[in-house]
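As a plain string of letters, each chain reads:
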Amino acid sequence: GCATEAYLEDTEMQCGSLLHYTNASSIDECCTDCTSVAECTHWVFKPGAQNPCHVKAGENSCAQSQAAGYTSAWSPQCLPSGGMPTAWLAFGAGH
């Protein structure tokens, strides 16, 4: 499942490449959309957008930029078993 304590509030992870958008209606639903795609390494939820959930792949060790109202997180399958990464994950780590 998706660990809500791993969510980064008011944050946009801009790195990586976009796999697709979904019209997820909530942060948790967006996380689920990411976990349903093997390639997904992280996601960004932008409330108010037509397709607010950005399912992303690839580089996910970027510095996060402040983005009011946005939520980002790593895909649960890319997180170490302890939850939050202890260090920035290198490309492909955790898969």
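Described below are features of the structure shown in this document. Per chain, the residues get numbers from 1 upward, laid out in the order the sequence is written. Two thresholds apply to this predicted model, a pLDDT of at least 70 for residue-level local features and 80 or more for giving and counting side-chain atom pairs, whereas whole-chain, interface and lining totals are computed over all residues. Only hydrogens and water are removed before side-chain values are computed, so all heavy atoms of the structure are retained for them.

Description of the sheet that holds strand β5 (residues 65–74)
Put simply, the rule is: Only strands joined by at least two bridges in the DSSP assignment are considered to pair. The helix and strand labels rest on DSSP assignments: H or I over at least four residues marks a helix, E over at least two residues marks a strand, and numbering proceeds from the N terminus. Where helices are involved, their axes are fitted lines through C-alpha atoms of the stretch in contact, as for all axes, and angles between N-to-C directions lie from 0 to 180°.
With respect to topology, five strands assemble into an open sheet ordered β1-β5-β3-β4-β2, the strand pairing being antiparallel. With one partner strand each, in any of the chains shown, β1 (8–12) and β2 (17–22) form the two edges of the open sheet. Each strand of the sheet is rotated relative to its neighbour by a mean of 40°, with strand direction disregarded. Here β2 runs beside strand β4 (residues 53–57); their pairing, made up of five bridges, is antiparallel. Looking across to β4, one finds that S17 is bridged to A57.

Notes on the pattern of salt bridges
Using the following cut-off: Salt bridges are defined by distance alone: a side-chain nitrogen of Lys or Arg within 4 Å of a carboxyl oxygen of Asp or Glu. When a residue's accessible area, from a 1.4 Å probe over protein chains only, is under 20% of the maximum for its type it is buried; when over 50% it is exposed; and in between it is partly exposed.
The full count for this structure, using the stated rule, is one salt bridge. For K46, the salt bridge is made with E12, and the minimal N-O distance between the two is 3.0 Å. Of the two residues, K46 is situated in the loop between β3 (40–45) and β4 and E12 in strand β1; the sequence distance between them amounts to 34 residues. Judged by relative accessible area, E12 falls into the buried class, the value being 16%.

Observations regarding the packing of aromatic side chains
Counted only if it meets this: Each pair of aromatic rings taken from Phe, Tyr and Trp, with Trp reduced to its six-membered ring, is defined by centres within 6.5 Å and is described as stacked if the planes are under 30 degrees apart, edge-to-face if over 60, and tilted in the remaining cases.
This model, assessed by the stated rule, comprises one aromatic pair. With a centroid separation of 5.3 Å and 85° between ring planes, the pair formed by Y7 and W43 is classed as edge-to-face. One end of the pair, Y7, is in the segment before β1; the other, W43, is in strand β3, with 36 residues separating them in the sequence. Taking the relative accessible area as the measure of exposure, W43 reaches 0% and is therefore buried.

Focus: the state of the cysteines
What counts, and what does not: For this text, the term disulfide refers to a pair of cysteine sulfurs within 2.5 Å.
Scanning the entire structure with this criterion turns up two disulfides. C30 shares a disulfide with C53; S-S distance 2.0 Å. Between C30 and C53, the S-S torsion sits near 80°, and that sign places the bridge as right-handed. Of this pair, C30 sits in helix α1 (residues 27–35) while C53 sits in strand β4, placing them 23 residues apart in sequence. In this structure, C30 and C53 share a single accessibility class: buried. What pairs with C34 in a disulfide is C40, and their sulfur atoms sit 1.9 Å apart. Its torsion about the S-S bond being -100°, the disulfide of C34 and C40 is classed as left-handed. Across this residue pair, the class does not change: C34 and C40 are buried.

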